[in-house]
Amino acid sequence: MSISSYPFDGQAVSEGQYSYLFRELASHSGIADSVTGAGFNVYGDSSGMQVRVNPGFAIVRGHAVQSTATEILTIAAASAAQRYDRVVLRLDPTANTITLAVVQGNSGGGVPALTQTDTGIYEFPLAIVTIPVGAATISAGNVTNERRFLGNTVGGWTTATRPENPRAGRLGLNTSTNQWEFWDGAQWRDLAPTINWGTVEGRPATFPPAAHTHVWSDITEKPNTFPPSSHSHDWNAITGKPSTFAPSTHSHSWSSITSKPSTFPPSSHSHGEYLTSGETIAWANGSKKPHNNAASGSGTWYAVWVEGDGTFCRNTSSIRFKENVRDYAINPDDVLKLRPVIYDRKPTDKKPEVRKNEVGLIAEEVRDSGLHWLVNYLDGEVDGLRYDLLGVALIPVVQRQAKQISALEERLAALEAKLS
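Just so it is clear, the structure is predicted and the values come from calculations on it, not from any experiment.

*Asks:* In this structure, what is going on with the sheet that holds strand E8 (residues 97-103)? I would like to understand it.
*Replies:* In sheet architecture, strand pairing relies on hydrogen bonds along the backbone and comes in two forms, parallel and antiparallel. Strand order across the open sheet formed by four strands is E8-E7-E9-E10, with antiparallel pairing between neighbours. Two strands close off the open sheet at either side, each with one partner strand: E8 and strand E10 (143-145). Each strand of the sheet is rotated relative to its neighbour by a mean of 20°, with strand direction disregarded. Where strand E7 (residues 83-92) meets strand E9 (residues 122-131), nine bridges bridge the pair, whose relative direction is antiparallel. Counterpart to Leu89 in the pairing with E9 is Phe124.

*Asks:* I tried to follow the side chain of Glu181 on my own but got confused; where do I start?
*Replies:* Here Glu181 is to be found in strand E13 (residues 179-183). Within the structure, the side chain of Glu181 is placed 3.2 Å from the side chain of Asn174, a separation counted as a polar contact. For Glu181, the residues in contact, after removing those within four places along its chain, are Trp157, Arg162, Arg170, Leu171, Gly172, Asn174, Trp188, Arg189, Asp190 and Leu191.

*Asks:* Mind showing me how you'd approach the sheet that holds strand E6 (residues 71-74) here?
*Replies:* As summarised here, the arrangement of the three strands in space is E2-E3-E6, forming an open sheet in which the pairing is antiparallel. Two strands close off the open sheet at either side, each with one partner strand: strand E2 (42-43) and E6. In this structure, E2 lies alongside strand E3 (residues 50-53), joined through two bridges in antiparallel fashion. If you follow Val42 over to E3, its bridge partner there is Val53.

*Asks:* In this structure, what is going on with the pairing of strand E20 (residues 381-385)? I would like to understand it.
*Replies:* Within a regular beta strand, the side chains point alternately toward one face of the sheet and then the other, so they alternate between its two faces. Summarising the sheet, strand E19 (residues 375-378) and E20 pair through four bridges and their orientation is antiparallel. Residue pairing in the sheet places Val375 in a bridge with Leu385 of E20. Between E19 and E20, which pair antiparallel and follow one another directly, the connecting turn spans two residues, one of which, Asp379, has a positive phi of 55°.

*Asks:* So what exactly am I meant to see when it comes to the environment of Ile31 here?
*Replies:* Mapped onto the elements of the fold, Ile31 is located in strand E1 (residues 30-31). Ile31 sits 95 residues away from Leu126 along the chain, and the two C-alpha atoms are 9.3 Å apart. Excluding its chain neighbours within four sequence positions, the residues that come into contact with Ile31 are Gly39, Phe40, Phe57, Ala58, Phe124, Leu126, Arg147, Arg148, Phe149 and Leu150.

*Asks:* So what exactly am I meant to see when it comes to the pattern of salt bridges here?
*Replies:* Pairs may arise between side chains of opposite charge once their charged atoms sit close together. By the definition in use, this model includes twelve salt bridges. For the salt bridge of Arg83 with Asp85, the shortest nitrogen-to-oxygen distance reads 2.9 Å. No difference in accessibility class separates Arg83 from Asp85, as the two residues are buried. For Asp368, the salt bridge is made with Arg367, and the minimal N-O distance between the two is 3.2 Å.

*Asks:* What exactly am I supposed to notice about the packing of aromatic side chains here?
*Replies:* Each aromatic ring pair is specified by the distance between its two centres and by the angle formed by the two planes. Under the criterion given, the structure shown has seven aromatic pairs. Ring centres of Trp197 and Phe207 lie 6.0 Å apart, and the angle between their planes is 45°; this geometry places the pair in the tilted category. With a gap of ten residues between them, Trp197 in the loop between strand E14 (188-190) and strand E15 (304-306) and Phe207 in the loop between E14 and E15 connect regions that are remote in the sequence. Considering the side-chain rings of Tyr328 and Trp373, the 5.7 Å spacing of their centres and the 90° angle between planes classify their relative orientation as edge-to-face. Of the two residues, Tyr328 is situated in the loop between strand E16 (312-314) and helix H2 (332-336) and Trp373 in the loop between helix H3 (363-367) and E19; the sequence distance between them amounts to 45 residues. Ring pairing ties together the aromatic residues Trp157, Trp183 and Trp188, which thus form one cluster. Residue placement shows Lys222 over the ring face of Trp216; its charged tip is 5.3 Å from the ring centre.

What counts and what doesn't
- Counting from 1, residues in each chain are numbered in the order their sequence is written.
- Local features in a predicted model are, by the rule used here, given only for residues with pLDDT of at least 70; side-chain atom pairs are given and counted only at 80 or more, and totals for whole chains, interfaces and linings are based on all residues.
- The side-chain figures draw on all heavy atoms in the structure; neither hydrogens nor water molecules are used.
- Strand pairing follows a simple DSSP-based rule, namely that at least 2 bridges must link the two strands.
- Helix and strand definitions follow DSSP, with helices as H or I runs of at least four residues and strands as E runs of at least two, each counted in order from the N terminus.
- Lines fitted to the C-alpha atoms define the axes, with helices restricted to the stretch that makes contact. Angles between their N-to-C directions range from 0 to 180 degrees.
- Under this definition, polar contacts are N or O atom pairs within 3.5 Å; protein pairs additionally need one hydrogen-donor-capable and one acceptor-capable atom, and for neighbouring residues in sequence, both atoms have to be side-chain atoms.
- Contacts are assigned to residue pairs that have any heavy atoms within 4.5 Å of one another.
- A pair is scored as a salt bridge if a Lys or Arg side-chain nitrogen falls within 4 Å of a carboxyl oxygen belonging to Asp or Glu.
- Remark: exposure states derive from per-residue accessible area (1.4 Å probe, protein chains only) relative to the maximum for the residue type, with buried under 20%, exposed over 50%, and partly exposed in between.
- Aromatic pairs are defined between Phe, Tyr and Trp rings, using the six-membered ring for Trp, whenever the two ring centres lie within 6.5 Å; interplanar angles under 30 degrees are classed as stacked, those over 60 as edge-to-face, and all others as tilted.
- Lysine NZ or arginine CZ positioned within 6 Å of the ring centre and within 35 degrees of the ring normal marks a charge as sitting over the ring.

Shown next, in the form of structure tokens:
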């Protein structure tokens with residue numbers, strides 16, 4: 001293993017050795033200025049596609065660079081999408097120079113990476129320049145400062161420009177937070193954090209007071225009266241008590257009531273001239289009364305419909321109640337195919353007697369014919385027929401017969417004329 005030491009009298013010291021030594025003395029690369037100073041500050045003044053860089057002194061990887069006048073750097077024309085460029089101090093050991101340069105980003109890309117080698121090119125960042133689409137000038141708002149500043153054991157920086165790869169114990173003033181902070185080997189920590197009750201560890205949840213007393217007159221907001229605590233009295237010791245106690249408002253369930261009557265006759269009442277929705281009467285199926293009650297009076301009489309929910313309504317036919325009226329073709333042959341039948345009605349729990357010899361049609365047979373519109377359905381099943389519409393179904397049959405009779409009469413007249 002080779003051990004070397006320097007610098008000593010009469011000893012040649014290389015650029016690399018001197019740079020290595022100076023980097024340790026200066027702690028890192030940076031601007032030799034206060035954190036808020038103007039050394040090598042980059043700014044835009046809306047004078048065109050260019051930025052200006054203030055004079056300053058800096059150390060870049062152990063090499064010194066000094067600028068004594070404001071420099072102007074040209075920014076490439078705007079791209080098809082927003083672009084980010086970086087202004088840097090570029091150390092080139094091969095050329096023995098540190099110069100101001102612009103690292104151009106890609107159209108639509110992020111901030112370009114820097115070249116930072118240990119022995120070759122090293123780029124020290126000064127600022128990020130945002131170039132919007134169509135930009136013709138660079139304003140102050142397009143430039144974001146990213147300078148880092150020199151310090152020995154104590155430094156200064158912003159949150160965005162903290163030292164890169166610091167050693168544990170690195171100390172400095174963060175001007176973004178105005179707090180002293182240090183690097184603990186993994187993160188930047190506040191050197192003197194603000195202590196409040198909420199941040200104290202191991203604090204007790206409550207503080208029971210020590211035994212003590214208070215003078216009655218010193219107690220504030222004390223009540224004027226003191227309701228007695230829970231206690232009891234002997235019934236015989238209570239005076240002025242009532243002889244009876246009316247029950248408070250309460251209720252009973254129907255099942256708990258005893259000796260209740262089995263039926264309740266309705267009180268005296270009457271019904272209006274017309275039944276309303278939901279009201280039903282026993283003879284609504286037409287099996288009683290209409291056949292032996294003569295209609296009288298001069299008023300208008302209607303056929304009554306009963307809807308599936310028990311609602312009564314009158315059968316209306318005026319055009320006032322209709323829309324979208326159009327012809328409906330009925331095949332007379334479908335009517336002529338209907339099969340009248342006679343049958344006995346099945347008994348039910350409410351009507352156990354058998355009703356015999358009823359005349360009508362079978363709804364399923366009508367459904368399977370072209371007259372399915374005469375069928376009523378209940379709960380998705382065939383239920384009954386609209387017998388009131390059979391007259392409508394018979395119209396085309398009568399009309400066809402009328403045409404046939406008229407044609408026969410014409411032929412008969414023609415034959416009689418021929419024979420006479």
